[in-house]
2 protein chains.
Amino acid sequence: MKEYTQPDGVVRRLPKYYRYLSDLKQMGIARVSSKDLSKRIGNTPSQVRQDFNCFGGFGQQGYGYDVETLYNAIGNILGLNTCYTMVIIGAGRLGQALANYTYFEKKGFQLTGIFDVRSSLVGKQIRGVDIRHIDELSQFAKDNPVDIVVLAVPKEQTNEVADLAAGLGIKGIWNFAPAELSVDEQILVENIQLSDSLMTLGYRIKEAEDNQNS
Amino acid sequence: MKEYTQPDGVVRRLPKYYRYLSDLKQMGIARVSSKDLSKRIGNTPSQVRQDFNCFGGFGQQGYGYDVETLYNAIGNILGLNTCYTMVIIGAGRLGQALANYTYFEKKGFQLTGIFDVRSSLVGKQIRGVDIRHIDELSQFAKDNPVDIVVLAVPKEQTNEVADLAAGLGIKGIWNFAPAELSVDEQILVENIQLSDSLMTLGYRIKEAEDNQNS
């Protein structure tokens, strides 16, 4: 397994802090305590302080955090001033929904291509980005370096497409297929497994009902 | 914060075990060791045994696990023999992609309605399910009890719609909006935050590059 410098929990909380600070900034709030941050994030004030200490700490005893400073610092830590190029493989409904999600662009993730095996889709565009045949992917990636591949293909094709993507010199895969990928350790994989998430919710509902009935 | 009977890590691994066992079953494999399970899931053999011990344990020293038995047991634990009714609020691209994802139905989650504020969408159908105006939601939920609300609305409308949903007597919310919900503790919330996930991937890529350069 890949060894990370920062533990997964901290890194997963960073975008949440960032979103909350963005809300506070919009509301014109200048200062926030670790207590208020923890309430919103669902952890404890000491965890908040510990999280920020992983990156050098930004607070001041008795004052809390300056919203603007912390917002910018977390943005830098997350690398939101870096621009990543991204292609989507699989232009089915999920791939199309992702291609249309403009929020990513604001965070520095630029969609440069969409690929599919279905010739009926090839030649169409989503937000000005061409859908190309998957056979063109290797050449495309030579001409336009790709940082991130978004996998939105059916489960059965996942490993084949992941291997193809891994050969392109990419840095990361954002995987929506309900399958664990086995690619080179150098390639970072982030999974969004919709059905796992829904099953987890189903389990929690059942657990709550069982507890009520017992 | 809500107290769960089983820790989050275990519950989140259950769908992964379930998916892997389903693959093994399809391949005609009858028996699996905790070592093989752990390799696939990305934890340790002792964690695998510990996970299953939370639910009474299913293995036998020196034999491992019977794939069919374990698959059925985890399906039962996850409540996949239970049927939940589900409505989607927000029939934009993401809502439509989710409405079209038939995989959920196989796991017992039945889509019964789709709601939106846009009258241009009202009256259309996705997979035979009507898109209705959000104003009809309360009456609909009285006539057709709803277990789970899927929130696929823009961030700005999230809390208003979450409050509306919470008043319907639902059991859970599957939230795709990039916002933390503040609803009654009785309602279980499962978040899928796409932009958080992508930002996490961006962070990991940057971290790996920083490590290489240092």
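This is a predicted model, so every value here is computed, not measured. (Residues numbered from 1 in each chain as written. Chains lettered and ligands numbered in written order. Predicted model: local features only at pLDDT ≥ 70, side-chain atom pairs only at ≥ 80, totals over all residues. Heavy atoms only, no water.)

Engineer: I keep staring at the overall build of chain A and nothing clicks. Help me out?
Structural biologist: When you go through chain A residue by residue, the secondary structure sums to nine helices and nine strands. Projected onto its principal axes, the C-alpha coordinates of chain A cover approximately 60 × 50 × 35 Å. Counting every position in chain A, which comprises 214 residues, the buried fraction comes to 52%. Of the accessible surface of chain A, which amounts to about 10000 Å², a share of 45% is contributed by carbon and sulfur atoms. (Helix = DSSP H or I, 4+ residues; strand = E, 2+ residues; numbered from the N terminus. Buried < 20%, exposed > 50% of the residue type's maximum accessible area, 1.4 Å probe, protein only. Areas by Shrake-Rupley, 256 points an atom, 1.4 Å probe, with all protein chains shown as cover.)

Engineer: Honestly, the environment of Asn43 of chain A in this entry has me stumped. Any pointers?
Structural biologist: Residue and element names in this part refer to chain A. Inspection of the secondary structure assignment puts Asn43 in the loop between α2 (34-41) and α3 (45-53). Residue Asn43 is classed as buried on the basis of its relative accessible area of 14%. Setting aside anything within four residues of it in sequence, one finds Asn43 in contact with Arg13, Tyr17, Ser38, Val48 and Asp51. (Contact = heavy atoms within 4.5 Å.)

Engineer: How do you make sense of the sheet that holds strand β6 (residues 129-133) of chain B when you look at a structure like this?
Structural biologist: By definition, the strands of a sheet pair up through backbone hydrogen bonds, in either a parallel or an antiparallel sense. Here we have seven strands laid out as an open sheet, ordered β5-β6-β4-β3-β7-β8-β9 (chain B), and mixed in their pairing. For this open sheet the edge positions go to β5 (125-126) and β9 (188-191) of chain B, each flanked by a neighbour on one side alone. (Pairing = 2+ DSSP bridges.)

Engineer: I keep staring at the interface of chain A and chain B and nothing clicks. Help me out?
Structural biologist: Quite often, the size of an interface is put as the accessible area lost when its parts meet. Opposite the 68 residues of chain A that make contact, chain B presents 68 residues. Here chain A and chain B share an interface that buries about 6100 Å² over both sides, 63% of which is from carbon and sulfur atoms. Looking only at chain A, the three residues that lose the most surface to chain B are Leu198, Met199 and Arg204 of chain A, adding up to 12% of its buried area. The partner of Asp23 of chain A in a salt bridge is Lys155 of chain B, with the nearest N and O atoms 2.7 Å apart. On the surface where chain A and chain B come into contact, there are 28 residue pairs in polar contact (both at pLDDT 80 or more). Put simply, the parts of the chain that give the side of chain A that touches chain B at least two residues each are α1 (8-26), α4 (67-77), β3 (84-89), α5 (93-99), α6 (103-106), β8 (172-175), β9 (188-191) and α9 (194-213) of chain A. No other element matches α9 of chain A, which puts 18 residues into the side of chain A that touches chain B. (Buried area = accessible area lost by both parts, 1.4 Å probe. Salt bridge = Lys/Arg side-chain N within 4 Å of Asp/Glu carboxyl O. Polar contact = N/O pair within 3.5 Å; in protein donor to acceptor, adjacent residues only side chain to side chain.)

Engineer: Quick question: what am I supposed to make of the sheet that holds strand β7 (residues 148-151) of chain A here?
Structural biologist: Residue and element names in this part refer to chain A. The strand order across the open sheet formed by seven strands is β5-β6-β4-β3-β7-β8-β9, and the pairing between neighbours is mixed. The open sheet terminates on both sides in strands that have one partner only, identified here as β5 (125-126) and β9. Of the pairings in the sheet, the one linking strand β4 (residues 109-116) to strand β6 (residues 129-133) comprises three bridges and is parallel in character. Residue pairing in the sheet places Phe115 in a bridge with Arg132 of β6.

Engineer: What should I look at first to understand the packing of aromatic side chains in this one?
Structural biologist: The description of an aromatic ring pair uses the distance of the two centres, along with the angle that the planes make with each other. All chains considered together, the criterion is met by 18 aromatic pairs over all chains. Consider the rings of Tyr101 of chain B and Phe104 of chain B, whose centres lie 4.7 Å apart with planes at 85°: the pair is edge-to-face. You can call Phe104 of chain B buried: its relative accessible area is 3%. Clustering of aromatic rings is evident, with ring pairs tying together Tyr101, Phe104, Trp174 and Phe176 of chain A. (Phe/Tyr/Trp six-rings, centres within 6.5 Å; stacked < 30°, edge-to-face > 60°.)

Engineer: Would you mind going over the relation of the copies chain A and chain B with me for this structure?
Structural biologist: Copies of the same chain, two in number, are related to each other by a rotation about an axis and a translation along it. When chain A is fitted to chain B, the best match, at an RMSD of 0.0 Å, comes from turning it 180° and sliding it 0.0 Å along the axis. What the superposition gives is, in effect, a two-fold axis relating one chain to the other. The rotation axis passes nearest to the C-alpha of Ala97 of chain A in chain A, at a distance of 3.3 Å. (Least-squares fit on C-alpha atoms with pLDDT ≥ 70 in both.)

Engineer: Got a minute to help me understand the packing of helix α1 (residues 8-26) of chain B against helix α4 (residues 67-77) of chain B in this structure?
Structural biologist: To characterise two packed helices, one gives the angle between the axes of the helices and the distance between these axes. Residue and element names in this part refer to chain B. Two numbers describe how α1 lies on α4: the axes approach to 9 Å, and their chain directions differ by 145°. Crossing of α1 over α4 shows left-handed handedness. Facing α1, whose interface residues are Leu14, Tyr17, Tyr18, Leu21, Ser22, Leu24 and Lys25, α4 presents Val67, Glu68, Leu70, Tyr71, Ile74, Gly75 and Ile77. Each residue belonging to the contact of α1 with α4 can be placed in one class, and the counts come to 10 nonpolar, two polar and two charged. (Axes fitted to C-alpha atoms, helices over the stretch in contact; angles between N-to-C directions. Left-handed = near helix turned anticlockwise from the far one by under 90°. Nonpolar A, V, L, I, M, F, W, Y, C, P; charged D, E, K, R; others polar.)

Engineer: Help me out: how do you make sense of unusual backbone geometry in this one?
Structural biologist: Excluding glycine, residues mostly carry a negative phi; peptide bonds, for their part, are mostly trans. Non-glycine residue Arg127 of chain A carries a positive phi angle of around 45°. Relative to the elements of secondary structure, Arg127 of chain A occurs in the loop between β5 and β6.

Engineer: I'm lost on empty space enclosed by the protein in this one. Help?
Structural biologist: Unfilled space is identified by rolling a water-sized probe across the atoms. Residue and element names in this part refer to chain B. This structure, assessed with the given rule, holds one cavity of 30 Å³ or more. Here the largest cavity defines a volume of roughly 50 Å³. Taken together, Met86, Ile88, Leu98, Ala99, Tyr101, Phe104, Glu105, Phe109, Leu111, Arg127, Val150 and Trp174 form the lining of the largest cavity. Secondary-structure elements contributing two or more residues to the lining of the largest cavity are β3 (84-89), α5 (93-99), α6 (103-106) and β4 (109-116). Of the residues in the lining of the largest cavity, the class split is 10 nonpolar, no polar and two charged. (1 Å grid on protein atoms, 1.4 Å probe; cavity = no way out; pocket = protein on both sides within 12 Å on 5 of 7 lines; lining within 4 Å. Points joined across faces, edges and corners; volume = space filled by probe spheres on them.)

Engineer: Just checking my understanding: could you explain the environment of Glu180 of chain A for this structure?
Structural biologist: Relative to the elements of secondary structure, Glu180 of chain A occurs in the loop between β8 and β9. Contact partners of Glu180 of chain A, with chain neighbours within four places excluded, come to Asn159 and Gln193 of chain A together with Lys16, Arg19 and Arg40 of chain B. Within polar-contact distance, the side chain of Glu180 of chain A engages the side chain of Arg19 of chain B at 3.2 Å.

Engineer: Mind showing me how you'd approach the packing of helix α2 (residues 34-41) of chain B against helix α3 (residues 45-53) of chain B here?
Structural biologist: Residues and elements named next belong to chain B. Viewed as axis vectors pointing N to C, α2 and α3 meet at an angle of 100°, and their least axial separation amounts to 8 Å. Looking at the two axes, α2 sits roughly perpendicular to α3. Contacts between α2 and α3 pair Ser34, Lys35, Leu37 and Ser38 from the former with Pro45, Val48, Arg49 and Phe52 from the latter. Each residue belonging to the contact of α2 with α3 can be placed in one class, and the counts come to four nonpolar, two polar and two charged. (Parallel < 35°, antiparallel > 145°, perpendicular 65-115°, else oblique.)

Engineer: Sorry if this is basic, but what is going on with the pattern of salt bridges here?
Structural biologist: Two side chains with opposite charge may pair up if their charged atoms get near one another. For the structure shown, the criterion picks out 33 salt bridges over all chains. The residue Asp23 of chain B makes a salt bridge to Arg40 of chain B at a minimum N-O spacing of 3.0 Å. With a gap of 17 residues between them, Asp23 of chain B in helix α1 and Arg40 of chain B in helix α2 connect regions that are remote in the sequence. A residue is classified by how much of its surface remains accessible, and Arg40 of chain B, at 28% relative accessible area, is partly exposed. Overlapping salt bridges, with partners in common, bring together Asp8, Arg12 and Glu190 of chain A together with Arg204 and Glu207 of chain B in one network.

Remember that the coordinates give geometry; whether it matters functionally is a separate question.
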